[in-house]
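# Geometric and topological summary
Chain by chain, the residues run as shown.
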Amino acid sequence: MKIYLRIVSYIKKYKKFIVFSFFTSLLFSIFSALSIYMTIPLLKSLFTGSQTQTTQTTDNLTGIYQNIQSAFESYLFSGSKESAILKISILILVAFLLKNVTGFFHSYCMQYIEKGVLRDIRYEMYEKINKLSVRYFTQEKAGNLISRMTNDINNIQSGISAAFSSLIKEPLLIIIYLLLSLSISWEMTLISFAVFPLTVLIVSKIGTSLRRRSRRVQEKLSELLSVINETIYGAKIIRSFRAEKYRNEVFRKENDEHYRLIIKSSVTSELASPITEFLTILAGVVIIWFGGREILIYNKLKPEEFLGFIFILFQLIVPIKNLSSVSNRIQESAASGQRIFEILDYPIEVNDAINPVEYNSFTKDIVLKNVSFYYNINKYILKDINLKINKSEILAIVGPSGSGKSTLADIIARFYDVTSGEILFDGINVKDIKFSQLRDLIGIVPQETILFNDSVKNNIVFGLDNVTDEALRSAAKNANALEFIEQMENGFESIVGERGLKLSGGQKQRIAIARALLRNPQILILDEATSSLDTESERVVQAAIDNLMANRTSIVIAHRLSTIKNADKIIVIAENGISQIGTHDELMQEQSGLYKKLYEIQFNSND
């Protein structure tokens, strides 16, 4: 219940709409009951055409009702039978009109609240995802995140409706219909509501089962979306390796399992409504039998009142059925809410500085002191790293695959916090520098270029405001990208496609370089961008990289060792730490060193 109450807490900002919704619910219930109640005088005018004389009394609730009924019938039947029918018809029409008008405004208010809450939660989730560390995304499936931000959020809508529509409107309808039915015959009313305890017990059992099944359905849907996401992303690989049949089988199994779970959940959910309806009809049958005896044998009930009571009883079926499903809807919402709050409550590993030091310019050096880092506590990726990177220096990082090269660059950029030790920028701990100021200092060009399904311009100016056309063109020119951009159909406004699929590898890399150049970072982290390019593309991109690195402190993760011969300093990462450090010439002189071994393997020479 705590989870559901937390979902409901998002409604607080819509207080005015809640109050108005309650007011319209009350009016809707009154006019609904009135539209049904008017059938009693209508039937009376058709059966008898006259006012029944009643004894005026005020000794109890029934007496008050009889007095009101007597005055009302005096007005209706004061003229001819035709006049009475006309008055009743007009009143029924007005009652139904007001019922529908108030019903519309109630529904509008609820839609405004429900959709607003979904919007607020979805935005809060998106904000939280953008605060989570990179580590989170290495552990979580993309399909699972997408499922939580779409299906789970949509699922909680019914729970919101249950709380502020069904739990307000339906009880009001039931109470007003109940008061009407009590005024007609308290004996038949008690018979009709004797079925409630059994209904509540059955529905609560169904609801408990439904919550468990609903969570399993959402988890399986997340896995299904992950398969779809991987299939779209890996379309070329699937076809290259003729793995369509294998992937079809993987999807078929996940899809069949999701179908099996959702059928079980649907069966459980659908049970509540027919059970409630059957029990209500059972009560109705008993009432018809009892009421018939009251009319035909004991003459205690007027025929028009009995028929009116039957109309009221069957009108009660709808709100009772809706109310019986509230528990199920709440349980389903709670199951989805639990998955949503798992993200919203996920701890933020890398937090912005609480009392930041003002730091706008890199002037001296970056120092790593006894830095260690691990993803899993028993397996260090980096251990006891000590390193100094001077301003305007080009530092190259080399080493075998999986040695921690990219991780070292990531902790300098503070995508992760170090497990122990500290990283100092000009003597200031990186944890004391605001994210915004740190990100302004550092520019990153990754090996796998990340482009968004947007225009070339928006991919270059990404995250910046008020960029002039002159600055944009200058960045593109220095990245050797201006020529091919201007040859595109819409120039800078051309859409690059999902992940930049409309561009070649070299073109994507040059747009990424233009993006970095536009920010004019003082520190550059470069995960060598030419390793997967052909010779011609590599030449053009390397020229753009040289422009980017000019007069900047550069940290280069090297895959092709030929590109780092001119680096001021090269470090070799192996066995969790730095095994060698020096220039290219110095490292090549160490005959047993790892750098020389890697170089010779790569170029198959002894140079």
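Before any of the text, the structure's been laid out above.
The notes below deal with the structure included here.

So, how was this worked out
- Residues numbered from 1 in each chain as written.
- Predicted model: local features only at pLDDT ≥ 70, side-chain atom pairs only at ≥ 80, totals over all residues.
- Heavy atoms only, no water.
- Patch = residues over 30% accessible without salt bridge, like charges linked within 9 Å, V, L, I, M, F, W, Y side chains within 5 Å.
- Areas by Shrake-Rupley, 256 points an atom, 1.4 Å probe, with all protein chains shown as cover.
- Salt bridge = Lys/Arg side-chain N within 4 Å of Asp/Glu carboxyl O.
- Helix = DSSP H or I, 4+ residues; strand = E, 2+ residues; numbered from the N terminus.
- Buried < 20%, exposed > 50% of the residue type's maximum accessible area, 1.4 Å probe, protein only.
- Core = buried A, V, L, I, M, F, W, Y, C linked by side-chain atoms within 4.5 Å.
- Axes fitted to C-alpha atoms, helices over the stretch in contact; angles between N-to-C directions.
- Parallel < 35°, antiparallel > 145°, perpendicular 65-115°, else oblique.
- Left-handed = near helix turned anticlockwise from the far one by under 90°.
- Nonpolar A, V, L, I, M, F, W, Y, C, P; charged D, E, K, R; others polar.
- Phe/Tyr/Trp six-rings, centres within 6.5 Å; stacked < 30°, edge-to-face > 60°.
- Lys NZ or Arg CZ within 6 Å of the ring centre and 35° of its normal.

### Quick word on a nonpolar patch on the surface
- A contiguous nonpolar patch, built from Phe20, Phe23, Leu97, Val101, Phe104, Phe105, Tyr108 and Tyr112 and spanning about 810 Å² of accessible area, is present on the exposed surface.
- Contributions of two or more residues to the nonpolar patch are made by helix H2 (15-37) and helix H5 (81-129).
- Considering every element that reaches the nonpolar patch, the biggest residue donor is H5, with six residues.
- Within the fold, Tyr112 resides in helix H5.
- Accessibility expressed as a relative area gives 39% for Tyr112, which makes it partly exposed.

### Digging into the nonpolar core
- One finds Ile460, Ile513, Ile564 and Tyr595 to be the most contacted residues of the largest nonpolar core, which totals 44 residues.
- Per-element tally for this core: the top contributor is helix H19 (residues 505-519), with seven residues.
- Counting 34 residues, the second largest nonpolar core, distinct from the first, contains Ile366, Ile381, Leu382 and Tyr416.

### Some thoughts on the packing of H2 against H5
- Relative orientation of the contacting elements H2 and H5 amounts to 155°, with a least axis distance of 8 Å. Taken together, the axis directions place H2 and H5 in an arrangement best described as roughly antiparallel. Handedness of the crossing formed by H2 with H5: left-handed.
- Looking at side-chain class alone, the contact of H2 with H5 contains 16 nonpolar, eight polar and one charged residues.

### Describing the packing of aromatic side chains
- Enumeration over the complete set of coordinates arrives at 14 aromatic pairs.
- Judged by centre distance (4.1 Å) and plane angle (15°), the ring pair of Phe17 and Tyr112 falls under stacked. Of this pair, Phe17 sits in helix H2 while Tyr112 sits in helix H5, placing them 95 residues apart in sequence.
- Plain terms: the ring middles of Phe373 and Tyr375 are 5.0 Å apart, the flat faces sit at 85° to each other, and that makes the pair edge-to-face.
- Looking at Phe373, the relative accessible area reads 0%, which means it is buried.
- Members of the aromatic cluster, connected to one another through ring pairs, are Tyr14, Phe17, Tyr108 and Tyr112.
- Between the NZ or CZ atom of Arg6 and the centre of the ring of Phe341, over which it lies, the distance is 4.0 Å.
- A cation sits over an aromatic face here: Lys383 above Tyr380, 4.9 Å from the ring centre.

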